[in-house]
Each structure stands twice: as structure tokens, then as C-alpha cells.
Amino acid sequence: MITYIVRRLFQLVIVLIGVTIITFLIMFAIPGDPARQLAGKNATPERIAAIRLQLGLNRSLPVQYVKFVGRLAHGDLGESYQLQKPVLQMIWENAPNTIQLALAAVLIELLGIPLGIYSALRQYTFWDTTLTTAALIIWGIPVFVLGLFMQWFFGLKLNLLPLIGAGDNVLWIIPANWNSFASLILPAVTLGLIEVAYISYMQRASMLEVIRSDYIRTARAKGLSERKVVTKHAFKNAVIPVMTIAGIDLGALMGGAILTETVFARPGIGLMIYQAIGARDLPVVAGGVLFATLVYVFANLFVDLGYAWVDPRIRLEG
Amino acid sequence: MGERLLTVDGLSTHFFTYAGVVKAVNGVSFTLDRKETLGIVGESGSGKTVAALSLMRLIPDPPGKIVEGSLMLGDRDLRKLSDEEIRQVRGNDIAMIFQDPMTSLNPVLKIGNQIAEAIILHQDKGKGEAWKMAAELLDRVGIPDAEKRVNQYPFEFSGGMRQRAMIAMAISCNPDILIADEPTTALDVTIQAQIIDVIEEMQQAYESGVILITHDLGVVAEIADKVMVMYGGRTVEYGGIDEIFYNPHHPYTWGLLGSLPRLDQTEKTRLTPIKGQPPDLIALPSGCPFVGRCLYERPTCRNQWPALEIVGPEHGVNCWIPEDERREVRASLPHFQEYAK
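Note on numbering: residues in each chain are counted from 1, in written sequence order. Chains and ligands are labelled by the order in which they are written, letters from A for the one and numbers from 1 for the other. Two thresholds apply to this predicted model, a pLDDT of at least 70 for residue-level local features and 80 or more for giving and counting side-chain atom pairs, whereas whole-chain, interface and lining totals are computed over all residues.

## Here's the deal with the overall build of chain A
Counted only if it meets this: Here a strand is any run of E in DSSP of at least two residues, a helix any run of H or I of at least four, and the numbering for each starts at the N terminus. Neighbour density around each residue's C-beta defines its exposure: 20 or more other C-beta atoms within 10 Å make it buried, 12 or fewer make it exposed, and counts between make it partly exposed, where C-beta atoms are placed from the backbone. In this description, any two residues whose backbone-derived C-beta atoms lie within 7 Å of each other are considered to be in contact.
Counting its secondary structure elements, chain A contains 14 helices and two strands. By its C-alpha atoms, chain A is 85 × 55 × 35 Å across when sized along the principal axes. Expressed as a percentage of the 318 residues in chain A, the buried residues total 34%. Contacts in chain A between residues far apart in sequence, at least 24 positions, make up 70% of those at least 6 positions apart.

## Things to note about the overall build of chain B
Worth spelling out the cut-off: Computation of the radius of gyration draws on C-alpha atoms, with the globule rule given as 2.2 Å multiplied by the number of residues to the power 0.38.
Counting its secondary structure elements, chain B contains 13 helices and 12 strands. In terms of C-alpha radius of gyration, chain B reaches 21 Å, essentially the compact-globule figure of 20 Å for 341 residues. Seen through its principal axes, chain B has C-alpha atoms that stretch 65 × 50 × 40 Å. Expressed as a percentage of contacts within chain B between residues at least 6 apart in sequence, the contacts between residues at least 24 apart total 64%.

## Some remarks on the pairing of strand β2 (residues 20–33) of chain B
All names here are of chain B. Going by this rule: Strand pairing is assigned whenever DSSP identifies at least 2 bridges connecting the two strands.
Strand direction decides the pairing type here: strand β1 (residues 4–17) and β2, joined by 10 bridges, are antiparallel. Each bridged residue has a counterpart across the sheet, and for Phe 16 the counterpart in β2 is Val 21. Where β1 folds back on β2, the antiparallel hairpin that results is connected by two residues.

## So, the pairing of strand β9 (residues 226–231) of chain B
All names here are of chain B. Judged by how many residues are buried, β9 sits mostly within the fold: six of six residues are covered. What you see with β9 is no split at all: Lys 226, Met 228 and Met 230 on one side and Val 227, Val 229 and Tyr 231 on the other are buried throughout. Summarising the sheet, strand β3 (residues 37–41) and β9 pair through four bridges and their orientation is parallel. What sits directly across from Leu 38, in β9, is Lys 226. Alignment of β9 against strand β10 (residues 234–240), held across six bridges, turns out to be antiparallel. Bridge pairing in β10 places Val 229 opposite Glu 237. Taken together, β9 and the strand that follows it, β10, pair antiparallel across an intervening segment of two residues, in which Gly 232 is found at a positive phi of about 55°.

## Thoughts on the packing of helix α9 (residues 178–211) of chain A against helix α11 (residues 226–263) of chain A
Residue and element names in this part refer to chain A. To keep it simple, the criterion reads: Lines fitted to the C-alpha atoms define the axes, with helices restricted to the stretch that makes contact. Angles between their N-to-C directions range from 0 to 180 degrees. Each angle gets one of four labels, with under 35 degrees taken as roughly parallel, over 145 as roughly antiparallel, 65 to 115 as roughly perpendicular, and the rest as oblique. What makes a crossing left-handed is the near helix being turned counterclockwise from the far one by less than a right angle; a clockwise turn instead makes it right-handed. Throughout this entry, Asp, Glu, Lys and Arg are counted as charged residues, while Ala, Val, Leu, Ile, Met, Phe, Trp, Tyr, Cys and Pro are counted as nonpolar. The remaining residues, Gly among them, count as polar.
At a minimum axis distance of 9 Å, the contact between α9 and α11 shows a crossing angle of 155°. Judged by the angle between their axes, α9 and α11 are roughly antiparallel. With respect to the hand of their crossing, α9 and α11 are arranged in right-handed fashion. Residues Pro 187, Thr 190, Leu 191, Glu 195, Tyr 198, Ile 199, Met 202, Gln 203, Ser 206, Met 207, Val 210 and Ile 211 of α9 form the contact with α11, whose participating residues are Ala 234, Asn 237, Ala 238, Pro 241, Val 242, Ile 245, Ala 246, Asp 249, Leu 253, Gly 256, Ala 257 and Thr 260. For the contact of α9 with α11, the per-class residue count stands at 16 nonpolar, six polar and two charged.

## Let's talk about the interface of chain A and chain B
It is common to report an interface's size as the accessible area lost on association of the parts. Taken together, the 19 residues of chain A in the interface contact 22 residues of chain B. Sorting the residues of the side of chain A that touches chain B by element identifies α10 (214–221), α11 and α14 (312–317) of chain A as the ones contributing at least two each. Sort the elements by how many residues they give to the side of chain A that touches chain B and α10(A) lands first, with seven residues. Residue classes in the side of chain A that touches chain B are distributed as six nonpolar, six polar and seven charged.

## A look at the domain arrangement of chain A
Residue and element names in this part refer to chain A. Keep this limit in mind: As used throughout, domain bounds are those supplied by an automatic or database domain assignment.
When the domains of chain A are assigned, the result is domain 1 (32–76) and domain 2 (88–310). Relative to domain 2, the C-alpha centre of domain 1 lies at a distance of 38 Å. In this complex, domain 1 contributes four residues to the contact, which on the side of domain 2 involves five residues. A per-class count over the side of domain 1 that touches domain 2 returns two nonpolar, two polar and no charged.

## As for the sheet that holds strand β5 (residues 76–77) of chain B
All names here are of chain B. Spatially, four strands are ordered β2-β1-β4-β5 in an open sheet, and the strand pairing comes out antiparallel. Among the strands making up the open sheet, the edge pair consists of β2 and β5. Relative to β5, strand β4 (residues 64–73) is paired through two bridges, and the arrangement is antiparallel. Within β5, the residue paired with Leu 73 across the bridge is Arg 76. In the packing of helix α1 (residues 48–55) onto the sheet, contacts are made with β1, β2 and β4, and the angle to β2 comes to roughly 65°.

## Some points on the packing of helix α3 (residues 111–123) of chain B against helix α6 (residues 159–171) of chain B
Residues and elements named next belong to chain B. At a minimum axis separation of 8 Å, α3 and α6 run at an interaxial angle of 20°. Classed by the angle they form, the pair α3 and α6 counts as roughly parallel. Between α3 and α6 lies a crossing whose hand is right-handed. Two secondary-structure elements touch here, α3 through Ile 111, Gln 114, Ile 115 and Ala 118 and α6 through Ala 165, Ala 168 and Met 169. The residue makeup of the contact of α3 with α6, split by class, is six nonpolar, one polar and no charged.

## Re the sheet that holds β9(B)
As a general point, the strands of a sheet are linked pairwise by backbone hydrogen bonds and lie either parallel or antiparallel. Residues and elements named next belong to chain B. Spatially, β6-β7-β8-β3-β9-β10-β12-β11 is the arrangement adopted by the eight strands of the open sheet, whose pairing is mixed. With partners counted over all chains shown, the strands left at the sheet margins are β6 (94–97) and β11 (309–312), one partner each. In this sheet, neighbouring strand axes are inclined to one another by 20° on average, regardless of whether the strands run parallel or antiparallel. The sheet contact formed by β6 and strand β7 (residues 177–181) spans four bridges and is parallel. From the neighbouring strand, Met 96 faces β7, where its bridge partner is Ile 179.

## Some words on the environment of Arg34(B)
Residue and element names in this part refer to chain B. Tracing the sequence through the fold places Arg 34 in the loop between β2 and β3. Sequence separation between Arg 34 and Ile 59 is 25 residues, and the spatial gap between their C-alpha atoms is 25 Å. With residues near it in sequence (within four places) discarded, Arg 34 still touches Gly 2, Glu 3, Leu 5, Glu 207 and Gly 209.

## Observations concerning the confidence of the model for chain B
Condition: How sure the predictor is of each residue is captured by pLDDT, a score from 0 to 100.
For chain B, mean pLDDT is 87; residues scoring 70 or higher make up 98% of the total. What the predictor reports for the complex is a pTM of 0.80 with an ipTM of 0.85.

## Some words on the environment of Asp197(B)
Residue and element names in this part refer to chain B. Within the secondary structure layout, Asp 197 lies in helix α7 (residues 189–206). Since 13 C-beta atoms lie within 10 Å of it, Asp 197 is described here as partly exposed. Each C-alpha atom, one on Asp 197 and one on Glu 222, is 9.8 Å from the other, the two residues being 25 residues apart in sequence.

## Quick word on the nonpolar core
Filter applied, for reference: Here, a nonpolar core denotes buried Ala, Val, Leu, Ile, Met, Phe, Trp, Tyr and Cys residues that are linked to one another through C-beta atoms within 7 Å.
Counting residues in each nonpolar core, the largest one holds 95 residues, and the members touching the most others are Ala134(B), Ile167(B), Ile211(B) and Val229(B). The element that contributes the greatest number of residues to this core is α6(B), accounting for eight residues. Among all residues touching Ala134(B), those that are not within four sequence positions of it are Gly112(B), Ile115(B), Ala116(B), Ile119(B) and Val150(B). Residues Leu115(A), Ala234(A), Val242(A) and Ala292(A) belong to the second largest nonpolar core, which totals 59 residues.

Now the structure itself:
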């Protein structure tokens, strides 16, 4: 088990190198010059050249990359061109809101498991059809459309919840007061609802497959009650494939967080990256993407560990 | 023979699907005594498994339903039991060994757990004692190192070992009736013989009645006391083992026996198949389901199901061909000629 974790951490290093290279290349490939952007509309060519020199943008791409990685090795992500603040500090300030949003969305997402199982056990009944249809419709709505709808309905129409922003946190990620919690609800539900739909749909399919399998028939032939058959024999087997999907889906959650934070003007890593891309603020984009990657890879690692915990075939054959 | 365990009379199980009513089992009757082995033979789709699952009321409903017949376990009518009562019967009075040991065990639960849960459920034993009994059972069915093996998962067992574990699970509550649904089909030939031996041994030890479902006539010849031949959801012939092998009366039974490879044939001789395809269970003829493949069929065969004709002690057949004509035809078949002499 420990060798497995160590091996995964080595893989993480390779992933990070790949991610930084790709982020660098993309930022240089898209049109626009950070120096020109910083200097303003009426800047003289000399001023632009000076900024370029100051930021090291006059060097070749590989040199810039090596310098970036060299600093990274010392825990230095550089400074924002725009705000002249250390990127690490910006991430530190913005991460709690995003992690809070993602965790809240994951908690909501987990509702999909009981919903999917309920649906599967009552296949083709009224509730199954209703849940499945609703799941397919919600799954098909882009996250920003759902976000705008939520704002309009719960914020403007019903005037129940704040439209935008985020509140103070205690212990890094726990909402400090009701207002802070209220401002989390709409973005979390927006982000979580689409995942609930996806997870419940997958859970239903997986449960239907398991409940028809030979070993479930064996369990029934022993005289076990239907409740015991489902909880002891079917549940674990049916959850394994959904866990895999949920792990892969964390990537979608990070992407969704960027859109959700933008729609709800909610400070966080997503909004930070979004604004940095607009300003060609390369160190912030690279730092933000790096952070998102770290979260994604670690989350996947935890999912895989959970997977091994549930399934003895993975645990013992590892 | 011993006490009568099971009397099945006129069992019909149908599946109500969108495509139509699948008549998987139609009016099947048989009995089973203690220590007796009944072989049910027939090709895939002849209704063998559905008949067996009907006994345990394990037919998925919907779409399946037992539409007719009585299933008497001693003096209890299995069809009339409540869900709770039939669960008491499953695993306790009637236990079943399934065809594919690779998929019939739960992959994420330890073997010991899967055996012990039946013991805990039916025998009012504690967890520790049940696990101890599970290890003893594994040892009994010939799994070496049983103490260690109970703590392993199915994927750590080979196919033959898994089937042994399935047998251990089935006999764990000392059932009166053991149903083995093609227990050897998914295994290699050498393992097949061992598994059949284990089933026979367990039957002796626990004095159970065994229903062996198979399409392997060799296995039937080895351990069955009597045989029921099924085709298209109906019993076409039943009788004692010697009657079926040496005095068969139904053209389908002739075909089955004729299709067996023989020791006196040279390697180059081709096997003799029964020509044609099994019938569509949704559109069965109202008469004998074997029409279309039967070489001796006559006009009445298609429209009317023949009455049961008793042709010997405990030997019955459903066929329109008159008895003397049957004997004549059979005598002309190559693989029966040596018996005729």
C-alpha cells in the first residue's frame, strides 16, 4: 500500500512537469503581449521594452521555463504582473473559497448515489422515470446557464439568497456566519446539481447491472432478505464503478468551479485564473493551473485509495 | 426409495415480455425422494433452469410468473408461502449450485463470509461458530488449508475451488433438496469428475435429494437414478436411468443418445447432430414442440399435445407415434442396433 502511494507521488511530479510545459506553451501561443498590456495604451516602445526586460520576457521560451521551474523548486511561484503580489499569496487567499465550494459540491454530488440506487430498485416505476428524466435534463444544462437561472430564480425572484460574492471563513474553509453560508448555497447547488444528475444516472445503471448478476441470485438463493441482498451484496459492487467516475469527474468539478465562480462573481481560484487569462498575467495562470492540478491529482489519489479499500481485488493484487 | 420430498404437478412458468409470452415451462410434473438423484436433461432453452428456479420462487417477477401447477415440498405448497416463508425454504430446505462459479460468488466478500451468512441466517448460530463451520465445510468439500482459505476472496480461488465453495455454501444448512444447475459446464473435464464426486459424496452424507440439471448425458449416466428429458418447456419422456438409456421411446431422446460420441467409432466418423434449431418459446406450436425437427412426425403432432403414455414401470412418454411403430423405428437406428440383438 505504501509503495503504491509513493509510486503515485512520483507520477505526480511527472504530471506537474507536463502541466507547466503545456500552460507555458498555451500562454505564449495565444495572441497578446503582457508587457504591452501592463504598459497601457499610450506607452512608448522604450517603456514596453523596459517592462519586457524587467519581467524577463525578452529571453527565449525554454530559458523562461527553466527559470520558472527553478523558482518553483524553491516554492516561489513568481509575482503577478498585474498586482505585483506573490502568486503563492494570491493562491493562499483564494484557495479556501474554491475548496469550500468544491467540497460543498461533492457533498451534494454524493446524493446521487442513494438516488441512483432508489431508481434502480424501482425500475420503470413513476419515480424512476421522473428521476431519470430529471437527471438527463439537468445533466444537459451548461453550468453557467444553470447558474444564471439560479441567480434569477432564488436571488431576484424569491429574494432568498445572495446573488454574488462570498463571505468570511473560519478555520480556513468553514463559513463564519449565516451570510457567508448563504452566499455558498447557490454556487454549490449549481455546481453540485449537475454532478448529482450524472452520478445518479451512472449509479442507477451500475446498480441495475449488479442486481441482475449471478452472485445476487446466489445471495437470494440463500434466503437472505431483499434488504440484506441490496446492502450487503449489491451496494459495494455497484458503488465501485461510480467511484471511478466520480474521481475522473473531479476534473470537471474544477472546470465547473471556474465557470461557477465567474457567474457568481465569487472570489476563488477560478475567478483568479479567469481574470489572469484576460490580463495575460502568466505567473498567476501558471500558478493557478498548477494548484488545480495538484488538487485534482491528490483527489484522484484519495479516490483510488478508497477504491482499493472497497475492492479486495485491487487491494491485494495492487 | 426413501420418503417423498417433492411433488411437482403441472408446473408452468411463463415470462410476459414486450415481444410476447415466453412459455419457458409448460405443464411439467416430477417427484423427488430422499437420497434420490433426478437428472433433468435437454438442450439450452428447454426450460430446465427455469423449472428449477421456479422451485425456489427465484424467477424474476416481473417479467416471470409461475402460472400453473402445484409445488409440494412435503405437505407445504411452495406457491402459497409468503415471501418471508419462502426465504426460510431457500438455502435451508432447498439449496442450489449454479452453473458458472466464476460469476456466482460475490467478488468483494470473503468466501467464509458468504458461507457463514447462510448458517447465521438459518441455524441461529453466532458469527464465530458460523465461520468455524464454514472452514469445516470447505475442508469437507476437499479444499486444502481450509482455515486459511475461508479468509480469502473468490478471485484467489480457481474455478474448480470456487465450485467446491459453492457446494459448501449449498450444503451448509443441510438442505433436503440440492439443485445443481449444470455444475460442471464451466469447468475442465478433469475438474468436472471431481465436482460430480463431491456432489455425490455430500448427497450420501446428508441424505439429500438431488436434482441435477445438465446436458451432459455422461454425467447423468454416472449419478442419476431417474431422468426427465425436457424439450421446448415440456417433459417429453421420463423414466429410470436404465429405461431412458436402453429403452427410450421418444424421438428426441433417440436423437440425444444418438448424438453422443462412441468409443467404437473411428476418429473420422462425424457426430450425429439433431438437425434444426430449438423452437421459439414465444411461438410454440400447440402440439409437440419437437415438430419440424422430428423425423417421424405426423399431422396430429403439430396441433395436439399427446397424452402421457406409460410404457414401463416409472417410465412415461408423450408421443403420437404408436408404441409398436416406435419400437420398430428404434430398432432400425444404428446406435440402438446392438441393444436389439
